[in-house]
Amino acid sequence: MTTLTEWLRDPSPSSRAQARLGQLWLGWLRFRRNPMAMLGATIVVLLLLMAAFAPWVAPYDPITQNLAERLKPPMTGGHLMGTDEFGRDIFSRIVWGSRVTLYIVVLVAVTAPVFGMLIGTVAGYAGGWVDQVLMRITDIFLAFPKLILALALVAVLGPGIENAVLAIALTSWPPYARVARAETLTVRNSDYIAAVQLQGAGPVRIILGHVMPMCLSSVIIRVTLDMAGVILTAAGLGFLGLGAQPPMAEWGMMISSGRKFLFEQWWVATMPGLAIFIVSLGFNLLGDGLRDVLDPRSAGK
Amino acid sequence: MALIEIDNLSVHFDAGDRIVKAVQEVSLKVDARESYGLVGESGSGKSTILRAICGLAPISGGSIRIGGEPLKTPRGKGFSARVQMVFQDPYSSLHPRHTIDSTLAEPLAIHGVGDTDRRVVQALKDVALDPKFRFRYPHQLSGGQRQRVAIARALMLQPEILLLDEPTSALDASVQAETLNLLNRLRAERGLTFLMVSHDLAVIDHMCDRVLVMQHGRAVEELARADLAAARMQTDYARTLFEASADRLLDTA
Amino acid sequence: MSLLSVKNLRVTFDTESGRVEAVRGVSFDLGRERLGIVGESGSGKTMTGRSVLRLIRPPGRIEADEMTFDGIDLIRASERKMRSLRGPRIAMVMQDPKYSLNPVMKIGRQLTEGLRLRDRIGAAEARKKAIEALEAVQIRDPERVMEAWPHELSGGMGQRVMIAMMLIPNPDLLIADEPTSALDVTVQAEVLKILDDLVKTRGMGLIFISHDLRLVARFCDRVLVMYKGRVVEEIEAGNLMAAKHPYTQGLLNCLPRIGGAREPLPSLDRSGAWAEM
């Protein structure tokens, strides 16, 4: 263990990989000293584990109905969080539902920021009319309320998880484009960009190799902070019946179905609500922590 | 024939409501293997001339020829292999997220030169940096070490001409001495041509054979090294600059 | 009695990578004279200057066996007391006027604000004092400068305004941290001359912090040469050329001179035992 830490902390790394891992290690050390960020990271890791091991974690099948056991309160008959109107174990449904939530989060996280960053860096680096056109398109997307635009898209494409993801991704890229463009504008006139231009590098190489790495940290921070919003939008679409379709376990849809019993059987809607709350909080705390680690202004000190 | 010929160069910037004339009708010639200095205070346009050569500032009038050929826009890879620049601030001229290794390997990759490993290690040795620095990030180096990396980067493509934009003004005096010595050694070894900008007359005098004094974007006076040392200047401004030069403070004290 | 007395000053920072000692036991006495502190980056010269005003933010810590200014114990003085010293008694001029002047306030208001708030002087009277101060730093049309915004001033002009602002309350001690490094050489000479005249005529104490040994030697009576947080040599400015310490000699010799030889500049030898401490 000590030799590994020493290898990571070696001020003169002997390979590219060691240099990069050493930087990650330093970032981790800084991250570790922030208890709230660690709490966020723990929540997100638990979510990942829960989704990965759902069949083993969940005590019941999330879909099989058992009308004899319907609407049992929490902690009765072996149901940790009670059962819903079809007698399905709510805890099991939340565990399985974490897969759907993660699926949405991951798909949005790999599409929207990448697209937004591409638009933003190209606009910022090229300037002139390219910038004007790309940013006005971004503005048009920004001008719509997110949920309404997502609703319209799902209404056209038909309900379903894939379409919900598409709708969320299409509505959430503009802020990334804005962030990436702002970052690009501060970077494009710097000496290190001038130096690589002088070496004869073309715009594609400069944008991908030199501008994007500088935007990456701001975008990653934004993505983690936005994840809570994505989960809520997905849940909102589910709640409105436009996301995941029954009988699939999805947290937003579970809240929606629990709405009918909110006063008598509060747990049916509350438990998935708590799950959404905790996971959103986890992503937010993680994002705040990452800001401290990745912020270019604090890096290098 | 001179290697660098600048004829009546003007550089104007459009600053919204008015036009800033950064350089006005400056002409100069630099021979191959010569070291030529541009000296002046802030706003004299000395750095702008270097930037105009590289295509980082617009040429509004006049012409620049390298080896007799007029410059193309954009400059192209042929130009990169001939002319390179070292920037003033080593803290901002190296990409903060690239290791020294990738910074030095980049020009080789752009120009499709192979044998990267050997060349990178050799480049570090040439600027007297320990190869153990190879995989460090810029923030793990001191200012002088960074400037050495910047010099190594400029030399990766084996250029003939090195444009030096105040290469030591951000460095401590002792580090400045080491960096100037390094530049002089490299020039002797590789037969480089220097076009160097500085606000410090003593540094220019130490490095250059001829000096052009500039003020407000115009050329004031060209001085050979011997004339500068003997204070044989014709214009008042060049004399003022000479008198105010920091290394003369001790003599007159 | 000396104006400022500092004994065994230490400034430490607790950082991720361990304890960093920026200043390690600096002692000096200052009368109504001009003291220069010279060193390269990281020598602790700026930290020494800022410590006198206790302007070091956490995680930095200031410790000293003694730090008294005119009989006041600067180490134990309350923050309130320190605020009343900063400005009226001890003033500081920083390197770059761009960052020291408030960009959204006209020069005139910045100059008179302190007078009006602290000394409760009327608007007309404060304006008169401000114009006098601008005249003292040889600004030719003070009326126009009073109405200017900071971005409309050149670097040299901005630094003169800063000096004027610091001098209005008539401090006993002026700490100038690289006051001319951001300026052109011809302007630099003028600003230094103004500073020098003011210090002489008003009988202030001056701590002049710079990386430039030649500059300090010319404008100070005494010079402290710092290296890695310690004073390696204290010397009368006039005897600078006869400096004994290898570091001071190295600093002097490594500078190129007009008309000097073309051979490689002597580089600073850091192999001596003094560099190890």
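Residues numbered from 1 in each chain as written. Chains lettered and ligands numbered in written order. Predicted model: local features only at pLDDT ≥ 70, side-chain atom pairs only at ≥ 80, totals over all residues. Heavy atoms only, no water.

1. Some thoughts on the overall build of chain A
Thinking step 1. Helix and strand content of chain A: 12 helices and zero strands.
Thinking step 2. Starting at the N terminus and walking to the C terminus, you meet the elements of chain A as α-α-α-α-α-α-α-α-α-α-α-α.
Thinking step 3. For chain A, the residues scored as buried account for 50% of the 301 residues in total.
Thinking step 4. Carbon and sulfur atoms form 70% of the exposed surface of chain A, whose accessible area is close to 14400 Å². (Helix = DSSP H or I, 4+ residues; strand = E, 2+ residues; numbered from the N terminus. Buried < 20%, exposed > 50% of the residue type's maximum accessible area, 1.4 Å probe, protein only. Areas by Shrake-Rupley, 256 points an atom, 1.4 Å probe, with all protein chains shown as cover.)

2. Considerations on the interface of chain A and chain B
Thinking step 1. Opposite the 29 residues of chain A that make contact, chain B presents 33 residues.
Thinking step 2. Of the roughly 2600 Å² buried between chain A and chain B, counting both surfaces, carbon and sulfur atoms make up 54%.
Thinking step 3. Of all residues in chain A, Asp-191, Leu-198 and Gln-199 of chain A give up the largest surface area on contact with chain B, accounting jointly for 29% of the area buried on that side.
Thinking step 4. In this assembly, chain A and chain B are joined by one salt bridge.
Thinking step 5. Residue Arg-205 of chain A pairs with Glu-106 of chain B through a salt bridge whose shortest N-O separation is 2.9 Å.
Thinking step 6. Connecting chain A to chain B are 10 residue pairs in polar contact (both at pLDDT 80 or more).
Thinking step 7. Elements with a minimum of two residues in the side of chain A that touches chain B: helix 2 (16-32), helix 9 (191-198) and helix 10 (203-239) of chain A.
Thinking step 8. Tallied by class, the residues present in the side of chain A that touches chain B amount to 14 nonpolar, 11 polar and four charged. (Contact = heavy atoms within 4.5 Å. Buried area = accessible area lost by both parts, 1.4 Å probe. Salt bridge = Lys/Arg side-chain N within 4 Å of Asp/Glu carboxyl O. Polar contact = N/O pair within 3.5 Å; in protein donor to acceptor, adjacent residues only side chain to side chain. Nonpolar A, V, L, I, M, F, W, Y, C, P; charged D, E, K, R; others polar.)

3. Considering the sheet that holds strand 2 (residues 18-30) of chain B
Residue and element names in this part refer to chain B.
Thinking step 1. Within the open sheet, the four strands sit side by side as 2-1-4-5. Their pairing is antiparallel. The sheet is open, and its two edges are formed by strand 2 and strand 5 (69-70), each paired on a single side.
Thinking step 2. Across nine bridges, strand 1 (residues 4-15) lies against strand 2 in antiparallel orientation. Within strand 2, the position partnered with His-12 by the bridge is Lys-21.
Thinking step 3. Across the face of the sheet, helix 1 (residues 46-54) comes into contact with strand 1, strand 2 and strand 4 (61-66) while running at roughly 100 degrees to strand 1. (Pairing = 2+ DSSP bridges. Axes fitted to C-alpha atoms, helices over the stretch in contact; angles between N-to-C directions.)

4. Side note on the sheet that holds strand 3 (residues 34-38) of chain C
All names here are of chain C.
Thinking step 1. Strand order in this open sheet of six strands is 7-8-9-3-10-11, and the pairing throughout is mixed. Of all the strands in the sheet, just strand 7 (90-93) and strand 11 (230-236) have a single pairing partner and so form its edges. Each strand axis lies, on average, 15 degrees off the axis of its neighbour in the sheet, ignoring direction.
Thinking step 2. The sheet contact formed by strand 10 (residues 222-227) and strand 11 spans six bridges and is antiparallel. Looking across to strand 11, one finds that Leu-224 is bridged to Glu-234.
Thinking step 3. Running over the sheet, helix 7 (residues 155-167) touches strand 7 and strand 8 (173-177) and is turned about 175 degrees from strand 7.

5. Here's the deal with the packing of aromatic side chains
Thinking step 1. What the rule picks out here adds up to six aromatic pairs over all chains.
Thinking step 2. Centroid distance Trp-266 of chain A to Trp-267 of chain A: 5.8 Å. Interplanar angle 85 degrees. Geometry classified as edge-to-face.
Thinking step 3. Trp-266 of chain A gets classed as partly exposed once you look at its relative accessible area, which sits at 42%.
Thinking step 4. Between the aromatic rings of Tyr-227 of chain C and Tyr-247 of chain C, the centroid separation amounts to 4.6 Å while the plane-to-plane angle is 50 degrees, which identifies the pairing as tilted. Taken together, the residues Tyr-227 of chain C in strand 10 and Tyr-247 of chain C in helix 10 (residues 246-253) connect sequence positions 20 residues apart.
Thinking step 5. Exposure remark for Tyr-227 of chain C: the relative accessible area of 9% places this residue in the buried category.
Thinking step 6. Judged by its relative accessible area of 0%, Tyr-247 of chain C is buried.
Thinking step 7. Its end group placed over the ring of Phe-79 of chain B, Arg-75 of chain B keeps NZ or CZ at 5.9 Å from the ring centre.
Thinking step 8. Cation over ring: Lys-132 of chain B sits above Phe-133 of chain B, and NZ or CZ is 5.9 Å from the ring centre. (Phe/Tyr/Trp six-rings, centres within 6.5 Å; stacked < 30°, edge-to-face > 60°. Lys NZ or Arg CZ within 6 Å of the ring centre and 35° of its normal.)

6. A closer look at the packing of helix 8 (residues 161-188) of chain A against helix 10 of chain A
All names here are of chain A.
Thinking step 1. Where helix 8 meets helix 10, the axes come as close as 9 Å, and the angle between the chain directions of the two elements is 155 degrees. By the angle between their directions, the pair helix 8 and helix 10 is classed as roughly antiparallel. Helix 8 and helix 10 meet at a crossing whose hand is right-handed. Residues Ala-164, Ile-168, Pro-175, Tyr-176, Val-179, Ala-180, Glu-183, Thr-184 and Val-187 of helix 8 pack against Val-211, Met-214, Cys-215, Ser-218, Val-219, Arg-222, Val-223, Asp-226, Val-230, Thr-233, Ala-234 and Leu-237 of helix 10.
Thinking step 2. Class assignment of the residues belonging to the contact of helix 8 with helix 10 gives a composition of 15 nonpolar, three polar and three charged. (Parallel < 35°, antiparallel > 145°, perpendicular 65-115°, else oblique. Left-handed = near helix turned anticlockwise from the far one by under 90°.)

7. Some details on the UniProt feature "domain: ABC transporter" (unreviewed entry) in chain B
Thinking step 1. Mapped onto this numbering, the UniProt entry annotates "domain: ABC transporter" (unreviewed entry) at residues 4-241 of chain B.
Thinking step 2. End C-alpha atoms of residues 4-241 of chain B are separated by 26 Å, and the span's content is 37% helix alongside 28% strand. (UniProt positions renumbered as here; feature names shortened; annotations may be inferred.)

8. Structural notes on the UniProt feature "domain: ABC transmembrane type-1" (unreviewed entry) in chain A
Thinking step 1. UniProt records the feature "domain: ABC transmembrane type-1" (unreviewed entry) for residues 102-287 of chain A in the present numbering.
Thinking step 2. Measuring from the first to the last C-alpha atom of residues 102-287 of chain A gives 16 Å, for a span that is 83% helix and 0% strand.

9. Focus on the pattern of salt bridges
Residues and elements named next belong to chain C.
Thinking step 1. Counted under the stated rule, the structure contains 44 salt bridges over all chains.
Thinking step 2. With a shortest N-O distance of 3.2 Å, Lys-7 and Glu-66 are connected by a salt bridge. A residue pair is termed long-range when its members are at least 10 positions apart, and Lys-7 in strand 1 (residues 4-15) and Glu-66 in strand 5 (residues 66-69) qualify at 59 residues.
Thinking step 3. Note on Glu-66: relative accessible area 27%, which makes it partly exposed.
Thinking step 4. What you see here is one network of salt bridges that share partners, running through Arg-32, Asp-70, Arg-89 and Asp-172.

10. Re the UniProt feature "transmembrane region" (unreviewed entry) in chain A
All names here are of chain A.
Thinking step 1. According to UniProt, the positions carrying the feature "transmembrane region" (unreviewed entry) are residues 36-58, 102-126, 147-172, 223-245 and 265-287.
Thinking step 2. End-to-end, the C-alpha atoms of residues 102-126 are 36 Å apart, and along that stretch the chain is 100% helix and 0% strand.
Thinking step 3. Annotated as 88% helix and 0% strand, the span residues 147-172 places its first and last C-alpha atoms 10 Å apart.

11. As for the pairing of strand 7 of chain C
All names here are of chain C.
Thinking step 1. Burial along strand 7 is two-sided: Ile-90 and Met-92 and Ala-91 and Val-93, pointing in opposite directions, are all buried.
Thinking step 2. In this sheet, strand 8 lies alongside strand 7 in parallel orientation, the contact comprising four bridges. Its bridge partner being in strand 8, Ala-91 is matched across the sheet by Leu-174.

12. Some words on the environment of Glu-79 of chain C
Residues and elements named next belong to chain C.
Thinking step 1. Relative to the assigned elements, Glu-79 resides in helix 2 (residues 79-85).
Thinking step 2. On the basis of relative accessible area, Glu-79 is assigned to the partly exposed category, the value being 39%.
Thinking step 3. For Glu-79 and Gly-44, which are 35 residues apart along the polypeptide, the C-alpha to C-alpha distance reads 23 Å.
Thinking step 4. In this structure, Glu-79 is in contact with Arg-54 and Arg-86, ignoring residues within four places of it in sequence.

13. Some words on the nonpolar core
Thinking step 1. Residues Ile-90, Ile-94, Ile-104, Trp-251 and Phe-283 of chain A are the most contacted members of the largest nonpolar core, which totals 76 residues.
Thinking step 2. The element contributing the most residues to this core is helix 10 of chain A, with 15 residues.
Thinking step 3. Once residues lying within four places of it in the same chain are set aside, the contact partners of Trp-251 of chain A are Leu-47, Arg-93, Ile-94, Gly-97, Ser-98, Thr-101, Pro-272, Ala-275, Ile-276 and Val-279 of chain A.
Thinking step 4. In terms of nonpolar packing, the next biggest core, distinct from the first, is built from 58 residues, Ile-131, Leu-195, Leu-198 and Ala-243 of chain C among them. (Core = buried A, V, L, I, M, F, W, Y, C linked by side-chain atoms within 4.5 Å.)

14. Things to note about helix 9 of chain A
Thinking step 1. Extensive coverage of helix 9 of chain A is indicated by the burial of seven of its eight residues.
Thinking step 2. Along helix 9 of chain A, the residues classified as buried are Asp-191, Tyr-192, Ile-193, Ala-194, Ala-195, Val-196 and Leu-198 of chain A.

15. Quick notes on the packing of helix 4 (residues 107-118) of chain C against helix 5 (residues 123-136) of chain C
Residue and element names in this part refer to chain C.
Thinking step 1. Remark: helix 4 packs on helix 5, axes separated minimally by 9 Å, with the N-to-C direction vectors making an angle of 130 degrees. Considering their axes alone, helix 4 and helix 5 lie oblique with respect to each other. In this structure, helix 4 crosses over helix 5, and the sense of that crossing is right-handed. The segment helix 4 lies against helix 5, with Leu-111, Thr-112, Leu-115 and Arg-116 engaging Ala-123, Ala-126, Arg-127, Lys-129, Ala-130 and Leu-134.

16. Here's the deal with the environment of Leu-85 of chain C
Residue and element names in this part refer to chain C.
Thinking step 1. Here Leu-85 lies in helix 2.
Thinking step 2. Classification of Leu-85 as buried rests on a relative accessible area of 2%.
Thinking step 3. Along the primary structure Leu-85 and Pro-171 are separated by 86 residues, whereas in three dimensions their C-alpha atoms are 9.0 Å apart.
Thinking step 4. The contacts of Leu-85, once residues within four sequence positions are left out, are Phe-69, Ile-72, Leu-74 and Ile-90.

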